[in-house]
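Structural features, examined
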Amino acid sequence: MKKTEAELLSQQWDVDNMTVDPELLEKYVRYEVDAERAVATITFDRPETLNAIPVAAFERVGDLVREAETDDRVKVIVFKGEGSCFGTGADAAELGHYIGYRNGTDKASRRRPAQRQRILPDRNVLTSGFTRPIVESLKATICQVQGYCYGGHFQIALSADIVIATPDARFTHPAFRYLGPAPQDMYHWIEKLGLTKMKDLMLTMRPLSAEEGEQAGLVTKVVAPEELEKWVDDYADAIAVTPLDSLMMGKAMMQIVMEARGKGLGAMTGWVGHGWATNVSFEEGDWNFLKERRTKGVAQALADRDNMVAPYFRLSERRSREQQD
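Scope of this entry: the structure provided in the associated data block. (Residues numbered from 1 in each chain as written. Predicted model: local features only at pLDDT ≥ 70, side-chain atom pairs only at ≥ 80, totals over all residues. Heavy atoms only, no water.)

Some remarks on the overall build of the chain
Within the chain, the regular secondary structure consists of 17 helices and nine strands. Expected size for 325 residues packed as a compact globule is a radius of gyration near 20 Å; at 19 Å, the chain falls within 12% of this value. By principal-axis analysis of the C-alpha atoms, the chain measures approximately 60 × 60 × 40 Å. Classification of the 325 residues of the chain by burial places 52% in the buried group. Accessible surface, the chain: about 15300 Å² in total, of which carbon and sulfur atoms supply 53%. Taking the average location of the 41 positive side-chain charges in the chain and that of its 49 negative ones, the two points are 6 Å from each other. (Helix = DSSP H or I, 4+ residues; strand = E, 2+ residues; numbered from the N terminus. Rg over C-alpha atoms; globule rule 2.2 N^0.38 Å. Buried < 20%, exposed > 50% of the residue type's maximum accessible area, 1.4 Å probe, protein only. Areas by Shrake-Rupley, 256 points an atom, 1.4 Å probe, with all protein chains shown as cover. Lys, Arg positive; Asp, Glu negative; His and termini not counted. Charge placed at Lys NZ, Arg CZ, Asp CG, Glu CD.)

Here's the deal with the nonpolar core
Val29, Phe79, Cys143, Val145, Ile156, Phe171 and Trp189 are the most contacted members of the largest nonpolar core, which totals 61 residues. At six residues, helix H3 (residues 57–69) tops the list of elements feeding residues into this core. Once residues lying within four places of it in the same chain are set aside, the contact partners of Phe79 are Ile42, Phe44, Val61, Val65, Phe86, Ile134, Thr141, Ile142, Cys143, Gln144 and Ile156. Core analysis: the next-biggest nonpolar cluster, separate from the first, contains 13 residues, Val78, Ile142, Leu228 and Ile239 among them. (Core = buried A, V, L, I, M, F, W, Y, C linked by side-chain atoms within 4.5 Å. Contact = heavy atoms within 4.5 Å.)

So, the environment of Asp16
Position of Asp16 relative to the elements: it lies in the loop between helix H1 (5–8) and helix H2 (22–28). Placed 86 residues apart in sequence, Asp16 and Arg102 show a C-alpha to C-alpha distance of 8.8 Å.

Observations regarding the pattern of salt bridges
Under the criterion given, the structure shown has 20 salt bridges. Here Glu259 makes a salt bridge to Lys263, at a shortest N to O gap of 2.9 Å. For Glu259, a relative accessible area of 41% translates into the label partly exposed. Owing to a relative accessible area of 5%, Lys263 belongs among the buried residues under this scheme. With a shortest N-O distance of 2.9 Å, Lys296 and Asp304 are connected by a salt bridge. Residue Lys296 is classed as partly exposed on the basis of its relative accessible area, which comes to 44%. Among the residues examined, Asp304 registers a relative accessible area of 23% and is labelled partly exposed. Linked through salt bridges whose partners overlap, the residues forming this network are Arg132, Glu136, Glu259 and Lys263. (Salt bridge = Lys/Arg side-chain N within 4 Å of Asp/Glu carboxyl O.)

Considerations on the sheet that holds strand S5 (residues 148–150)
One open sheet accounts for three strands, arranged S5-S7-S8; its pairing is mixed. In this open sheet, the two strands that pair with only one neighbour each are S5 and strand S8 (208–209). As defined by bridge partners, S5 adjoins strand S7 (residues 170–172) across three bridges and the pair is classed as parallel. Looking at S7, one finds that Tyr150 is bridged to Thr172. Here helix H7 (residues 152–159) sits on the sheet in contact with S5 and S7, set at roughly 85° to S5. (Pairing = 2+ DSSP bridges. Axes fitted to C-alpha atoms, helices over the stretch in contact; angles between N-to-C directions.)

Quick word on the environment of Asp21
Residue position: Asp21 is located in the loop between H1 and H2. For Asp21, a relative accessible area of 36% puts it in the partly exposed group. Separated by 28 residues in the primary sequence, Asp21 and Thr49 place their C-alpha atoms 17 Å from one another.

Topic: the pairing of strand S1 (residues 29–34)
Relative to strand S2 (residues 39–44), S1 runs antiparallel, the two being bridged by six bridges. Bridging across to S2, Arg30 finds its partner in Thr43. The antiparallel hairpin formed by S1 and S2 contains four residues in its connecting segment, where Ala38 sits at a positive phi of about 65°.

A closer look at the packing of helix H9 (residues 186–193) against helix H14 (residues 263–277)
Each packed pair of helices is defined by two parameters, the angle between the axes and the distance between the axes. Where H9 contacts H14, the axes come no closer than 6 Å and their chain directions differ by 115°. Mapping the contact onto sequence places Met186, Tyr187 and His188 in H9 and Lys263, Gly266, Ala267 and Thr269 in H14. Of the residues in the contact of H9 with H14, the class split is three nonpolar, three polar and one charged. (Nonpolar A, V, L, I, M, F, W, Y, C, P; charged D, E, K, R; others polar.)

Remarks on the layout of surface pockets
The computed volume of the largest pocket comes to approximately 1100 Å³. Along the wall of the largest pocket there are 48 residues; nearest its centre are Ala92, Leu95, Tyr178, Phe289 and Leu302. Of all the secondary-structure elements, those providing two or more residues to the lining of the largest pocket are S5, H7, helix H8 (175–179), H14, helix H15 (289–296) and helix H16 (298–306). In terms of residue count, H16 provides more of the lining of the largest pocket than any other element does, five residues in total. (1 Å grid on protein atoms, 1.4 Å probe; cavity = no way out; pocket = protein on both sides within 12 Å on 5 of 7 lines; lining within 4 Å. Points joined across faces, edges and corners; volume = space filled by probe spheres on them.)

A closer look at the sheet that holds S2
Within a sheet, adjacent strands bond to each other through the backbone by hydrogen bonds, running parallel or antiparallel. Judged by pairing direction, the sheet is mixed, and its six strands sit side by side in the order S1-S2-S3-S4-S6-S9 without closing on themselves. In this open sheet, the two strands that pair with only one neighbour each are S1 and strand S9 (221–222). Here H3 sits on the sheet and contacts S1, S2 and strand S3 (76–81); the angle it forms with S1, its principal contact strand, is near 10°.

Here we look at helix H5 (residues 115–126)
Here H5 spans 15 Å end to end across 12 residues, near enough to the 16 Å set by a 1.5 Å rise per residue. For H5, the complete set of buried residues consists of Gln117, Arg118, Pro121, Asp122, Asn124, Val125 and Leu126. Summarising the contacts, the buried residues of H5 are in contact with H1, H3, H7 and H14. (Expected span 1.5 Å × (residues − 1).)

Structure (structure tokens):
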């Protein structure tokens, strides 16, 4: 039987501080197919953590996309989140542990993981492991976004064909907040947002509003919260009218053009560059997420970092410049 990445990487990452139980992963990332409508739905169901999911759950996302792609009953794949938000990426409590950092203060626990320990989890799980199947899916993909769309969930939105969002939706990658303007899939950042807007977000580490996202080209349409599900259903139904052969050939031709525009090389910046980002050298006085997390816990560490900047730039409280004045 084929081993999961969690099994293959169990000797490299700190599995004692991670969630890898398949039953829990299936609970947090649910899957269902409506054959009558030709729609597969992948639902993030961990509202108590704002749908932050274990690192290993992102492998399940990629696997489910591949399953839907080979299912002739399916033409459209919809991603959605239970509760108040789409999702806030990987569980911050597991960050660092997935590349081999361990708890404790002894020398072995504090030893920096080798680059080989960083490369495979980044490539096989946290970047191309789930974004590549979405980007390269020959079925249409739609994100139904409300509230926070951060981290890995933002990567899903960047990778999808269509994003329908409510006015309260916010988009960014929290890794910028605790690692700095760290390497991501530069192709999709530039393709979906443009270079100027990408630099704005990466350098200030602020979230992007739904309205800004629509203006930049990331968000397809901003709709009222009570109309969100109806709009997603309508988009899915409109796509499902297309013959499956035509849909898959059309998506394949899009892939050809995307490759010519640098998709493959751009995607590699996500996992090659991430090794740099997780090997940052902190100088005296620099805010160090891993150190702060050890002493204060994840929630307090991130709250402290958020409060270091004006409200406009905060991940948890974004207000317009007019509201601040």
